Amino acid sequence: MKDFNKKLIEIYPKLKKHAIYISSRDDVNLEADDLVHKTIVKALENQHQFDGKYLLAWLKRIMKNIAIDDYRKGLKVESQGE
């Protein structure tokens, strides 16, 4: 667990940069800091699923899925308001 946490800390700047890129899109409702936070929380909850290789790619996939889920939630809210 300590190794996983250490790797997360080391990779944080790259993850933040990717979050800024994703959150700059018009269809993403999350701020970069929120996206990074949700990604790290989800990664810590599911670290048992990580195979030990390509941590950044795994985290980017988690981040992408969070952004997609947020986008879908936004669509549901808009359609209910009509």
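Residues numbered from 1 in each chain as written. Predicted model: local features only at pLDDT ≥ 70, side-chain atom pairs only at ≥ 80, totals over all residues. Heavy atoms only, no water.

### Concerning the packing of aromatic side chains
- Summed over all chains, the structure comprises three aromatic pairs.
- Taking the centre distance of 5.1 Å and the plane angle of 40° together, the rings of F50 and W58 count as tilted. Of the two residues, F50 and W58, both sit in the buried class.
- Ring pairs connect the aromatic residues F4, F50 and W58, which therefore count as one cluster. (Phe/Tyr/Trp six-rings, centres within 6.5 Å; stacked < 30°, edge-to-face > 60°. Buried < 20%, exposed > 50% of the residue type's maximum accessible area, 1.4 Å probe, protein only.)

### Comments concerning unusual backbone geometry
- The phi dihedral of Y54 falls on the positive side, at around 55°, and the residue is not glycine.
- With respect to the secondary-structure elements, Y54 resides in the loop between helix 2 (32–45) and helix 3 (55–81). (Helix = DSSP H or I, 4+ residues; strand = E, 2+ residues; numbered from the N terminus.)

### Thoughts on helix 2
- If you check helix 2, its first and last C-alpha atoms are 20 Å apart, about what 14 residues at 1.5 Å a residue would give, namely 20 Å.
- Taken together, the buried positions of helix 2 are A32, L35, V36, T39 and A43. For helix 2, the arc enclosing every buried residue in end-on projection is 95°, short of the 170-degree limit, so these residues lie on one face. Turned more than 90 degrees off the buried face of helix 2, the exposed positions are H37 and E45. (Expected span 1.5 Å × (residues − 1). Arc of directions from axis to C-beta.)

### Remarks on the confidence of the model for the protein chain
- Taken as a whole, the protein chain shows an average pLDDT of 86; of its residues, 84% reach a score of 70 or greater.
- Element-level mean pLDDT values for the protein chain span from 82 in helix 3 up to 94 in helix 2. (pLDDT = per-residue confidence, 0-100.)

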